[in-house]
Amino acid sequence: MGAAKPTTRFIYFAVTLLLLLSFFTSITAHETGDGNGDDDYEGIEELMALDEEEESQQKEGSHVTSSEAEVIAKAQRIVLELNSDNTRRIIDGSEFVLVLGYTPWCPRSAELMPQFAEAATSLKELGSPLVMAKLDAERHPKTASSLGISGFPTLLLFTNGTSQPYTGGFSSEEIVIWVRKKTGVPVIRINSVTEAEEFLKEHPMFAIGLFKDVVGHEYEEFVKAATSHNEIQFVEVNDIEVAKVLFPNIKPNNLFLGLVKSEMERYTMYEGNFEMDQILDFLDYNKFPLVTILTELNSIKVYSSPIKFQVFVFTKADAFKNLFTPLQEVARKFISKIMVVSVDITEDNLAKPFLTLFGLEDSEDTIVTAFDNKISSKYLLESDPTPSKIEEFCSGLLKGTLSPHLRSQPIPDNKEESIQIVVGKTFDSMVLSSDKNVLLEVYSPWCIDCETTSKQMKKLAKHFKGLDNLIFARIDASANEHPKLQVDDYPALLFYKADDKSNPIKLSTKSSSKDLAAFINKSIGVQDQVSKDEL
């Protein structure tokens with residue numbers, strides 16, 4: 001019985017650990033050198049030569065098989081380690097340098113390192129003139145600061161010593177695509193069926209353009225879009241048979257543009273005009289898979305998507321395996337209109353910020369939510385998250401028939417309470433629909449200054465006890481929501497006059513109890529009860 005294969009998660013952990021260790025050892029090696037700039041280049045050339053010799057031996061029949069960790073470790077040797085002595089020399093002495101600024105303790109840096117190393121290998125094989133380098137900003141803070149590196153990880157491309165921020169994706173393929181576009185190769189030309197077959201093996205997603213002539217307005221707009229778009233590789237062909245290898249359903253035409261992805265919805269045909277902005281919109285609305293799995297590296301790309309209707313499915317990894325295929329079928333019916341995103345509910349950094357908005361941060365069950373980013377509204381599927389219910393939920397989101405989800409604590413028993421507790425579900429009845437004046441304290445449990453305001457409210461409630469046309473109330477804004485309750489900071493005091501509930505008066509929480517009492521007396525038209533209670 002053979003040994004069990006290591007899981008992807010285990011391999012990934014092992015690779016990340018290996019890379020972190022390699023960072024520390026490479027730092028030590030470089031910092032103990034004599035500072036000769038030529039040594040940096042000679043050293044990397046020697047390592048590349050050793051790698052090429054190793055590859056040659058394997059091609060000649062060697063039976064030694066590299067593990068995934070060994071492959072990435074080899075790639076890591078291609079990446080120069082920068083320090084305070086060699087950084088400026090390497091940047092100024094090279095036409096193109098891509099610098100990764102990182103710290104050993106940063107989780108996102110650890111996640112990006114293997115992708116960066118793999119990209120280095122791919123670019124070397126493509127003959128790119130780019131130098132790829134990394135800088136430990138924790139050990140060399142002044143050098144990092146001089147380059148403009150402050151957050152982590154940071155990627156900067158230096159062209160003849162001048163930097164520009166990295167704006168591409170964070171997979172190894174996306175890094176390669178971005179670099180090639182910025183260093184002069186925005187479009188790859190494919191001339192034969194063999195070239196097309198080889199290209200398919202390496203590129204799971206790309207945009208294909210078929211042009212009879214590589215001149216004219218349409219081709220120029222295609223190249224402009226290729227240069228501008230940072231994530232997707234563009235290819236051009238002029239032979240219909242070559243094009244069919246890449247896009248089998250292509251229609252015989254002198255002009256064609258399509259998007260190819262490695263999933264169920266593999267081929268998407270462009271039907272608009274050949275204008276750069278329209279081409280870019282087409283790609284941005286169709287580049288995501290049917291179901292996007294949220295990660296630390298793609299989160300910014302997901303949040304900035306032009307698709308404003310987004311459905312998030314929070315579930316455990318095991319449950320997601322059974323839900324993935326039917327979820328794809330649901331998403332297929334709402335392509336380019338609704339973005340469907342899956343989030344591992346056990347990943348606190350990814351899941352909790354969303355679930356907290358619904359008061360469900362401690363849940364372990366599958367949860368389906370939605371967001372309409374046009375109007376900043378959120379929704380919750382309150383029935384069982386079956387594929388049919390999720391489809392109904394998506395349809396309602398698109399049609400605008402869903403009721404927004406508002407957080408609310410359970411309705412409390414307010415009998416004989418001098419200060420009434422308002423929750424999301426009772427805000428209408430107790431505040432907006434009440435025929436009485438309402439002084440509302442808006443607070444949150446974590447607010448330091450709220451305690452002082454709460455003490456003032458107790459004094460005021462006692463002072464004005466017995467008035468039938470005045471209610472003192474408070475609401476925990478961290479656990480309750482209402483579209484008519486918009487408060488930016490806490491604590492807040494809002495006075496709702498009985499005859500004008502749509503325009504609450506915001507009172508200063510720095511006012512004294514006597515000043516607040518005077519305001520209330522004036523607003524409700526009663527004489528000051530000076531001797532009743534001492535304020």
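For clarity, every value in this text was computed on a predicted model and none was experimentally measured.

The subject of this paragraph is the overall build of the chain. Assigned secondary structure in the chain consists of 18 helices and 20 strands. When the 535 residues of the chain are sorted by exposure, 44% land in the buried category. Once local pairs closer than 6 in sequence are excluded, the contacts in the chain between residues at least 24 apart make up 71%. As displayed, the chain offers around 27900 Å² of accessible surface, 51% of which is attributable to carbon and sulfur atoms.

A word on the packing of aromatic side chains. Applying the stated criterion across every chain, the model contains 25 aromatic pairs. A cation over a ring is seen here: Lys-378 above Phe-358, with NZ or CZ 6.0 Å from the ring centre. Between the NZ or CZ atom of Arg-474 and the centre of the ring of Tyr-443, over which it lies, the distance is 4.0 Å.

Bringing unusual backbone geometry into the picture now. Cis geometry marks the peptide bond from Phe-152 to Pro-153; its omega dihedral reads -10°. Of note, the bond from Tyr-490 into Pro-491 is cis; its omega dihedral lies within 30 degrees of zero at -5°. Mapped onto the elements of the fold, Pro-491 is located in the loop between β18 (470-476) and β19 (492-497). A positive phi angle, close to 65°, is found at Ser-336, a residue other than glycine.

Turning to the sheet that holds strand β17 (residues 437-443), a few remarks are in order. Sheet architecture is open: five strands sit in the order β16-β18-β17-β19-β20, paired in mixed fashion. A single partner strand is all that each edge strand has here, and the edge strands are β16 (420-421) and β20 (500-507). Bridge count for β19 against β20 is four bridges, and the pairing is antiparallel. Across the sheet, residue Phe-495 finds its bridge partner in β20, namely Ile-505. Contacting β17, β18 and β19, helix α17 (residues 450-463) crosses the sheet at an angle of about 160° to β17. Relative to β19, helix α18 (residues 513-524) is tilted by about 15°, and along the sheet it contacts β17, β18, β19 and β20.

Right, let's get into the pattern of salt bridges. Evaluated as defined, the whole model comprises 18 salt bridges. Of the charged contacts in the structure, one is a salt bridge between Glu-236 and Arg-189, with a shortest N-O distance of 2.4 Å. Remark: Arg-189 occurs in strand β6 (residues 187-189) and Glu-236 occurs in strand β8 (residues 233-237); sequence separation between them is 47 residues. We classify Arg-189 as partly exposed; its relative accessible area is 32%. As a salt-bridge pair, Glu-451 and Lys-455 come within 3.9 Å of each other at their nearest N and O atoms.

Another aspect to go through is a negative patch on the surface. Side chains of Glu-218, Glu-275, Asp-277 and Asp-281 sit close together on the surface and give a patch of like negative charge. Within the fold, Asp-277 resides in helix α11 (residues 276-286).

Another point: the sheet that holds strand β3 (residues 131-136). Spatially, the five strands line up as an open sheet ordered β1-β3-β2-β4-β5, and their pairing is mixed. The open sheet has two free edges, formed respectively by β1 (80-82) and β5 (162-165), since each of these has just one partner strand. Here the strands of the sheet are splayed against their neighbours by 30° on average, with no regard to which way each runs. Judged from the three bridges that link them, β1 and β3 form a sheet pairing that is parallel. What sits directly across from Leu-80, in β3, is Ala-133. Relative to the sheet, helix α7 (residues 172-182) contacts β2 (96-102), β4 (154-159) and β5, its axis offset from that of β2 by approximately 140°.

A few words on the nonpolar core. Ranked by internal contacts, the top residues of the largest apolar core, which has 22 residues, are Leu-98, Phe-116, Leu-130, Met-132, Leu-155, Ile-175 and Val-179. Per-element accounting of this core gives the leading share, six residues, to helix α5 (residues 107-125). Leu-323, Ala-331, Val-368 and Leu-397 belong to the second-largest nonpolar core, a separate cluster that totals 21 residues.

A separate point is the pairing of strand β9 (residues 255-260). Among the six residues in β9, five count as buried, and that is most of the element. Bridge count between strand β7 (residues 206-211) and β9: six bridges; the pairing is antiparallel. Bridge pairing in β9 links Ile-208 to Gly-258. The pairing of β9 with strand β10 (residues 267-269) spans three bridges and is classified as antiparallel. Residue pairing in the sheet places Leu-259 in a bridge with Thr-268 of β10. In this antiparallel pair of consecutive strands, β9 and β10, the connection spans six residues.

Moving on, we come to the side chain of Thr-426. You can see Thr-426 is positioned in the loop between β16 and α16 (427-432). In this structure, Thr-426 is in contact with Ile-411 and Val-431, ignoring residues within four places of it in sequence.

The interhelical angle for the contact between α17 and α18, taken along N-to-C directions, is 50°, at an axis separation of 10 Å. Considering their axes alone, α17 and α18 lie oblique with respect to each other. The chirality of how α17 crosses α18 is right-handed. Across the interface between the two elements, Gln-456, Lys-459 and Leu-460 of α17 pack against Ser-513, Leu-516 and Ala-517 of α18.

Packing of α5 against α7 leaves a shortest axis separation of 8 Å and a crossing angle of 50°. Regarding the angle of α5 to α7, the classification is oblique. As α5 packs across α7, the resulting crossing turns out to be right-handed. Across the interface between the two elements, Leu-112, Gln-115, Phe-116, Glu-118, Ala-119, Ser-122 and Leu-123 from α5 touch Ser-172, Ile-175, Val-176, Val-179 and Arg-180 from α7. Each residue belonging to the contact of α5 with α7 can be placed in one class, and the counts come to seven nonpolar, three polar and two charged.

Definitions and limits used
Starting from 1, residues in each chain are numbered consecutively following that chain's sequence as written. Side-chain atom pairs in this predicted model are given and counted only at pLDDT of 80 or more, local residue features only at pLDDT of at least 70, and totals for whole chains, interfaces and linings cover all residues. Excluding hydrogens and water, the side-chain figures rest on all heavy atoms present in the structure. By definition, any uninterrupted DSSP run of H or I lasting at least four residues is a helix, any uninterrupted run of E lasting at least two residues is a strand, and each is numbered from the N terminus. The rule is simple: take the accessible area with a 1.4 Å probe, protein chains only, and divide by the maximum for that residue type; under 20% is buried, over 50% is exposed, in between is partly exposed. In what follows, a contact means two residues having at least one pair of non-hydrogen atoms within 4.5 Å. A 1.4 Å probe and the Shrake-Rupley method give the accessible areas. Residues count as covered only by the protein chains that appear here. Aromatic contacts are taken between Phe, Tyr and Trp rings whose centres are within 6.5 Å, Trp giving its six-membered ring; a plane angle under 30 degrees counts as stacked, one over 60 as edge-to-face, and the others as tilted. Criterion for a charge above a ring: Lys NZ or Arg CZ within 6 Å of the ring centre, and within 35 degrees of the ring normal. We call two strands paired when DSSP finds no fewer than two bridges between them. Only the contacting stretch of a helix is used when fitting its axis, a line to C-alpha atoms as for every element, and angles between N-to-C directions run 0 to 180 degrees. The salt bridge definition used is simple: a Lys or Arg side-chain nitrogen within 4 Å of an Asp or Glu carboxyl oxygen. Note on patches: the residues involved have over 30% relative accessible area and no salt bridge, like charges join within 9 Å, and the nonpolar side chains Val, Leu, Ile, Met, Phe, Trp and Tyr join within 5 Å. This count recognises Lys and Arg as positive and Asp and Glu as negative, with His and chain-terminal groups excluded. Working definition for charges: the position is that of NZ of Lys, CZ of Arg, CG of Asp or CD of Glu. Nonpolar cores are built from buried Ala, Val, Leu, Ile, Met, Phe, Trp, Tyr and Cys residues. Side-chain atoms within 4.5 Å join them into one set. For this classification, under 35 degrees means roughly parallel, over 145 means roughly antiparallel, 65 to 115 means roughly perpendicular, and everything else is oblique. Left-handed is the label given to a crossing in which the near helix is rotated counterclockwise from the far helix by less than a right angle, and right-handed is the label when the rotation is clockwise. Classes in brief: Ala, Val, Leu, Ile, Met, Phe, Trp, Tyr, Cys and Pro nonpolar; Asp, Glu, Lys and Arg charged; the others, Gly included, polar.

Remember that the coordinates give geometry; whether it matters functionally is a separate question.
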